[in-house]
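Spelled out from the first residue to the last, the chains are:
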Amino acid sequence: MHNRNDSPIENKHSYLNPLIHFSVIVFFICLADAIMSYYVPLYIENKYSNAFIVGLLLSISSFFGMFFDFFIAERLGGKKYKFFIFWTVAFALLFPLSLLVMPANVPVIALAMIVWSIYYEFRDFGKYDFVHHFMDIDKHTMAWSVISTLENIAYMIGPAIAVLALDKMFSLPLYVSIIFIGVTYGIFLLFKKKYCPVAELPLRHEVKKSFGQEINILFVLLKKLWLLVLVVFSYNLLDVVFWTSGILFAEQLRHKDALGGFFMVIYGVPALFVGFLAPFVHKKLGKKRTAFIFGVLAGLSMVMLALVNNTYLMLGCVFLAATFSGVSFILISAVYEDYVARASVVANDIVTTKQFAGNFAYVVGPVLLGFIAENFDLKFPFLITGNIMLLTSVIALIFIPRKIKMPQSELKNL
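The sections below set out a description of the structure shown in this document.

The rules behind these values
Residues numbered from 1 in each chain as written. Predicted model: local features only at pLDDT ≥ 70, side-chain atom pairs only at ≥ 80, totals over all residues. Heavy atoms only, no water. Helix = DSSP H or I, 4+ residues; strand = E, 2+ residues; numbered from the N terminus. Contact = heavy atoms within 4.5 Å. Core = buried A, V, L, I, M, F, W, Y, C linked by side-chain atoms within 4.5 Å. Buried < 20%, exposed > 50% of the residue type's maximum accessible area, 1.4 Å probe, protein only. Salt bridge = Lys/Arg side-chain N within 4 Å of Asp/Glu carboxyl O. Axes fitted to C-alpha atoms, helices over the stretch in contact; angles between N-to-C directions. Parallel < 35°, antiparallel > 145°, perpendicular 65-115°, else oblique. Left-handed = near helix turned anticlockwise from the far one by under 90°. Nonpolar A, V, L, I, M, F, W, Y, C, P; charged D, E, K, R; others polar. Patch = residues over 30% accessible without salt bridge, like charges linked within 9 Å, V, L, I, M, F, W, Y side chains within 5 Å. Areas by Shrake-Rupley, 256 points an atom, 1.4 Å probe, with all protein chains shown as cover. Phe/Tyr/Trp six-rings, centres within 6.5 Å; stacked < 30°, edge-to-face > 60°.

**Notes on the side chain of Thr141**
Link 1 in the chain: With respect to the element layout, Thr141 can be found in helix H6 (residues 140–168).
Link 2 in the chain: Sequence-distant contacts of Thr141, defined by excluding residues within four places in its chain, comprise Ala278, Pro279, His282, Lys287, Ile330, Leu331 and Ala334.

Structure, rendered in structure tokens:
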């Protein structure tokens, strides 16, 4: 593998310059996505008036995403961040356009969910590959802190923009999202012009693997990473409950108390500072153990959210859950980035295990939590999610070792 210490990137540019520029790209694409994430459940609920149907249709995106992750690892293993970001923008544009110009029936909504899945997966693979190209391993946590901070700020601002747009016209969030996607593409073109000529490093060979090889590689990786993958699943489930049942609960709460309109905004507020916390809090215990401890605290906050009735207390619990889970997400992403840096042709396969866990959470979560919300109470999904996160974090603390050694020789043989 090329020695990145000799990279012209380090000589011509501070590593912060491309990192901040790329993070701005991520910010605007996530801002468009945040608006759509708030709007789409309401769009579906407006058509069908059923939380379970909302969850069922939303889950199509992640169900397709699980198979698309496999396709990326099998066929696009050598593609770089430029490829992933370009197609992220292309499919992100198709998403709101499909809801604007196509009839609002189940096949069209299902197709839109598939388009949503494609650009979401491309975006996340692009982030991992960018960090791999531009950042040394000792800067992975810092890199993911910067990227995650701007990404989370976008998801904090997005719902507020969506609410303001909804008050003007129900379809206005779609137009606003399209504008931000256009801004994203413009910034991406500037990034390519400024940094790509010095970023063409021979970091990986482009390898297309057979279906059988891909299955065997993922099986070998999961033998080592299965418990960490389970943790990723539970942590993503927290995000699922806020962006599905949470949006419906926020609307319900807003009609009872004006403060309820800040429910999703409060969920995004910790984005302003968790990126600064993450590089420092893990110094003594390491990234994994710190992530699991913060996962325990996030799970407890979710349980408390489900049990209290005062709006102020609920918003306080949302703030704590978002803070603790935000740090956990950053540290887990940095852990995976470390594995990617030590991999060769299986780097995207490692990312696939994480993406698969997240997609599985978004497949199971909207359906299960939507069913629970429809038949019990909109707060009950928070209780279920909190307990799952609490349990998996405790198990991970007990059983996951400080160092997980990748089965290099077995992977090399494959």
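Once you've had a look at it, read on.
**Observations regarding the nonpolar core**
Link 1 in the chain: Counting 135 residues, the largest nonpolar core has Phe95, Phe242 and Phe263 as its most contacted members.
Link 2 in the chain: When residues of this core are assigned to their parent elements, the largest contribution, 19 residues, is made by helix H2 (residues 16–48).
Link 3 in the chain: In contact with Phe263, other than residues within four places in its own chain, are Phe242, Gly246, Phe249, Ala250, Leu253, Leu305, Leu315, Val318 and Phe382.

**Concerning the pattern of salt bridges**
Two side chains carrying opposite charge are able to pair once their charged atoms lie near each other.
Link 1 in the chain: On inspection of all chains with the given rule, the structure shows seven salt bridges.
Link 2 in the chain: A salt bridge links Arg123 to Asp33, with the shortest nitrogen-to-oxygen separation between them at 3.9 Å. Residue Arg123 is found in helix H5 (residues 106–134), and its partner Asp33 is found in helix H2; the two are separated by 90 residues along the sequence. This pair shows no difference in class: Arg123 is buried, exactly as Asp33 is.
Link 3 in the chain: Put simply, Lys287 and Asp338 hold a salt bridge, and the shortest N to O gap is 2.4 Å.

**Some details on the packing of H5 against helix H14 (residues 347–375)**
Link 1 in the chain: Here H5 crosses H14 at 140 degrees, and the two axes come no closer than 11 Å. With respect to H14, the element H5 is oriented oblique. Handedness of the H5/H14 crossing: right-handed. Residues Glu121, Asp124, Phe125 and Tyr128 of H5 form the contact with H14, whose participating residues are Asn348, Val351, Thr352, Lys354, Gln355 and Asn359.
Link 2 in the chain: Partitioning the contact of H5 with H14 into residue classes produces three nonpolar, four polar and three charged.

**A word on the environment of Met314**
Link 1 in the chain: As for its position among the elements, Met314 is in helix H13 (residues 311–342).
Link 2 in the chain: You can call Met314 buried: its relative accessible area is 3%.
Link 3 in the chain: In this structure, the C-alpha to C-alpha distance between Met314 and Met302, residues twelve residues apart in sequence, is 9.5 Å.
Link 4 in the chain: In this view, Met314 contacts Phe249, Leu253, Leu305, Val308, Asn309 and Lys379; residues no more than four positions away in its chain are not counted.

**Looking at a nonpolar patch on the surface**
Link 1 in the chain: A cluster of nonpolar side chains, contributed by Phe86, Trp87, Tyr185 and Leu189, occupies part of the molecular surface with about 340 Å² of accessible area.
Link 2 in the chain: Breaking the nonpolar patch down by element, the ones donating at least two residues are helix H4 (81–101) and helix H7 (172–195).
Link 3 in the chain: Within the secondary structure layout, Tyr185 lies in helix H7.

**Details of the environment of Ala271**
Link 1 in the chain: Mapped onto the fold, Ala271 is located in the loop between helix H10 (263–268) and helix H11 (274–281).
Link 2 in the chain: For Ala271 and Val327, which are 56 residues apart along the polypeptide, the C-alpha to C-alpha distance reads 9.4 Å.
Link 3 in the chain: With near-sequence residues (within four places) excluded, Ala271 lies in contact with Thr149, Asn152 and Ile153.

**Quick word on the packing of aromatic side chains**
Link 1 in the chain: Applying the stated criterion across every chain, the model contains 40 aromatic pairs.
Link 2 in the chain: Ring geometry for Tyr39 against Phe170: centres 5.1 Å apart, planes inclined by 45 degrees, an arrangement best described as tilted. A residue pair is termed long-range when its members are at least 10 positions apart, and Tyr39 in helix H2 and Phe170 in the loop between H6 and H7 qualify at 131 residues.
Link 3 in the chain: Taking relative accessible area as the criterion, Tyr39 reaches 1% and is therefore assigned buried.
Link 4 in the chain: Residue Phe170 is classed as partly exposed on the basis of its relative accessible area, which comes to 34%.
Link 5 in the chain: For the ring pair Trp87 and Phe91, a centre distance of 6.0 Å and an interplane angle of 45 degrees mean the geometry is tilted. Taken together, the residues Trp87 and Phe91, both in helix H4 and four residues apart, mark about one turn of the helix.

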